[in-house]
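# Remarks on the overall topology
The primary structure of each chain is shown beneath.
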Amino acid sequence: AWYQRRVRGDKDCYTGIGVHYRGDTRQTSGGRNCQNWNSDFPHPHGYHSPKYNWAGVGDHNKCRNPDGEGKPWCYTTNLFHRWDYCEIPRCNRDKFEFYRF
């Protein structure tokens, strides 16, 4: 579907609460690097099971929203900071020309 694709270079955005976000952002709003979804280090989690394939998690560290949080997020590589939201703009027709239809 059109909302699942990252389109036009750096014009990365999400719709709704970002459950279908499939962009390339790999850093949290606080500037922390994201942990690979297939890894349990430094933060163990259950999102690497096949039942979350629909959520776009896998062998990468890109922001996703597999649990219906408020917007895309990720576990961080910081031992003392488990997870955080990612700084990704919402798609809107004013800011993103490609989103107009």
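The written sequence of each chain sets the order in which its residues are numbered from 1. Owing to the predicted nature of the model, reporting of local features is limited to residues with pLDDT of at least 70; listing and counting of side-chain atom pairs is limited to 80 or more, with chain, interface and lining totals taken over all residues. With hydrogens and water excluded, all non-hydrogen atoms of the structure serve as input to the side-chain values.

## Points about the environment of Asn 53
Counting from the N terminus, the helices are DSSP H or I runs at least four residues long and the strands are E runs at least two residues long. Topologically, Asn 53 is positioned in the segment before strand S1 (73-75). Residues Asn 53 and Pro 66 lie 13 residues apart in sequence; the distance between their C-alpha atoms is 9.1 Å.

## Quick notes on the packing of aromatic side chains
Pairing of aromatic rings covers Phe, Tyr and the six-membered ring of Trp, with a centre-to-centre limit of 6.5 Å; geometry is then stacked below 30 degrees between planes, edge-to-face above 60, and tilted otherwise. Overall, the coordinates contain 9 aromatic pairs when judged by the stated rule. Measuring from ring centre to ring centre gives 5.9 Å for Trp 37 and Tyr 75, while their planes differ by 70°; the resulting arrangement is edge-to-face. A residue pair is termed long-range when its members are at least 10 positions apart, and Trp 37 in the segment before S1 and Tyr 75 in strand S1 qualify at 38 residues. For the pair Trp 37 and Tyr 75, a shared accessibility class is recorded, and that class is buried. Ring geometry for Tyr 47 versus Tyr 75: centroids 6.3 Å apart, planes at 35°, classification tilted. Pair noted here: Tyr 47 is in the segment before S1 and Tyr 75 is in strand S1, with a separation of 28 residues, a long-range link. Only protein chains enter the accessibility calculation, which uses a 1.4 Å probe; a residue whose area is less than 20% of its type maximum is buried, one above 50% is exposed, and one in between is partly exposed.

## Observations concerning the state of the cysteines
Criterion for a disulfide: a pair of cysteine sulfur atoms at a distance within 2.5 Å. Scanning the model with the defined rule gives 3 disulfides in all. Here Cys 34 pairs with Cys 74 through a disulfide, and the sulfurs are 2.0 Å apart. Around the S-S axis, the bridge from Cys 34 to Cys 74 shows a dihedral of about -75° and counts as left-handed. In this pair, Cys 34 sits in the segment before S1 while Cys 74 sits in strand S1, placing the two residues 40 residues apart along the sequence.

## Describing unusual backbone geometry
Looking along the chain, the bond that leaves Phe 41 and enters Pro 42 is cis, with omega of 5°. Here Pro 42 is to be found in the segment before S1.

## Section: the confidence of the model for the chain
pLDDT measures the predictor's confidence residue by residue and takes values from 0 up to 100. Looking at the chain as a whole, its pLDDT mean stands at 86, while 80% of the residues score no less than 70. Contacts: residue pairs with any heavy atoms within 4.5 Å of one another. Long-range and interchain partners of residues 1-10, a stretch whose pLDDT sits below 50, account for 11 contacts in this model, where long-range means more than four residues apart.

## Considering the environment of Gly 18
Structurally, Gly 18 is set in the segment before S1. Since its relative accessible area comes to 1%, Gly 18 is described here as buried. Once the C-alpha coordinates of Gly 18 and Cys 63 are considered, the two residues, 45 residues apart in sequence, prove to be 9.6 Å apart. Ignoring sequence-local partners within four residues, the contact set of Gly 18 consists of Asn 65 and Pro 72.

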